[in-house]
Amino acid sequence: MVSREDMGSWLEGTPGGRQEGRGARLGLPPEGPGSLATVGRRVVALVIDWTLATLVAYLFFRPTAPGFLEGISALPVWSQPLVFAIENVLLVSTLGFTVGHRLLGMRVHRLAAPTRMVGVGRALLRTALLLLVIPAVVWDSDGRGLHDRAAGTVLVRT
């Protein structure tokens, strides 16, 4: 029979006195280099990458509208996501980061082998799910987006 003393209390913390932080189950430190990137950093990096993709799409698919802002609104609807996807797949699979990640001090690692490159397959899966939006805004208990979880990757601070 299990008694009350065997179960402990939530006030006692985790069993064994070990405090769990974000990424602890993944073997990542709670803070500093190698820790999980915060939501704020990820959002700002996403805005930087999307802005860059918009500018590149404007250069390649420039409409005949007279002004810059009118030109942005006249871009083909598929051009920005296409440029964003190409940027993500190429840069994450080879370098491990996008321009936004690099500027904010983050890197995408393979969870099973952090020293190896992410690879094209994982980068394609991660980017496709990122473009669907919902997997990227749903996180697990460690703070990892479902797009990273499905691809077996993790976005960490450098």
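Residues numbered from 1 in each chain as written. Predicted model: local features only at pLDDT ≥ 70, side-chain atom pairs only at ≥ 80, totals over all residues. Heavy atoms only, no water.

(A) Molecular detail of the overall build of the chain. Regarding its fold elements, the chain presents eight helices and two strands. Order of helices (α) and strands (β) in the chain, N terminus to C terminus: α-α-α-α-α-β-α-α-α-β. Counting all 158 residues of the chain, 37% fall into the buried class. Taking the intrachain contacts of the chain between residues at least 6 apart in sequence as the baseline, contacts between residues at least 24 apart amount to 61%. As displayed, the chain has an accessible area near 9,600 Å², and 67% of this comes from carbon and sulfur atoms. (Helix = DSSP H or I, 4+ residues; strand = E, 2+ residues; numbered from the N terminus. Buried < 20%, exposed > 50% of the residue type's maximum accessible area, 1.4 Å probe, protein only. Contact = heavy atoms within 4.5 Å. Areas by Shrake-Rupley, 256 points an atom, 1.4 Å probe, with all protein chains shown as cover.)

(B) Seen up close, unusual backbone geometry. Here valine 133, not a glycine, exhibits a phi torsion of approximately 70°, which is positive. Checked against the element boundaries, valine 133 lands in the loop between helix 6 (120-131) and helix 7 (134-137). The class of valine 133 is partly exposed, set by a relative accessible area of 46%.

(C) Inspection of the pairing of strand 1 (residues 106-110) at higher detail. Where burial is concerned, the two faces of strand 1 differ: the one with Met106, Val108 and Arg110 is buried and the one with Arg107 and His109 is not. Two strands pair when backbone bridges link them, and strand 1 and strand 2 (residues 153-157) are joined in this way by five bridges, in the antiparallel orientation. Across the sheet, residue valine 108 finds its bridge partner in strand 2, namely leucine 155. (Pairing = 2+ DSSP bridges.)

(D) Expanded view of the packing of aromatic side chains. Scanning all chains against the criterion turns up two aromatic pairs. Between the aromatic rings of tryptophan 50 and phenylalanine 84, the centroid separation amounts to 5.2 Å while the plane-to-plane angle is 55°, which identifies the pairing as tilted. Of this pair, tryptophan 50 sits in helix 2 (residues 39-60) while phenylalanine 84 sits in helix 4 (residues 79-94), and the two are 34 residues apart along the sequence. Where phenylalanine 61 meets tryptophan 78, the ring centres are 4.9 Å apart and the plane angle is 75°; that geometry is what we call edge-to-face. (Phe/Tyr/Trp six-rings, centres within 6.5 Å; stacked < 30°, edge-to-face > 60°.)

(E) Molecular detail of the nonpolar core. Ala37, Ala45, Val89, Val92, Met106, Val108, Val118, Ala123 and Leu155 together form the largest nonpolar core, which totals nine residues. Not counting residues within four places of it along the chain, the set of residues in contact with methionine 106 comprises Ala37, Arg41, Arg42, Ala45, Phe97, His101, Leu155, Val156, Arg157 and Thr158. Ranked by size, the runner-up nonpolar core spans eight residues in total, among them Leu75, Val83, Phe84 and Leu130. (Core = buried A, V, L, I, M, F, W, Y, C linked by side-chain atoms within 4.5 Å.)

(F) Just the packing of helix 4 against helix 6, in detail. The geometry of helix 4 relative to helix 6 is characterised by a closest axis approach of 9 Å and an angle of 145° between their N-to-C directions. Judged by the sense of rotation from one axis to the other, the crossing of helix 4 with helix 6 is right-handed. Mapping the contact onto sequence places Pro81, Phe84, Ala85, Asn88, Val89, Val92 and Ser93 in helix 4 and Val120, Ala123, Leu124, Arg126, Thr127, Leu130 and Leu131 in helix 6. Counted by class, the contact of helix 4 with helix 6 contains ten nonpolar, three polar and one charged residues. (Axes fitted to C-alpha atoms, helices over the stretch in contact; angles between N-to-C directions. Left-handed = near helix turned anticlockwise from the far one by under 90°. Nonpolar A, V, L, I, M, F, W, Y, C, P; charged D, E, K, R; others polar.)

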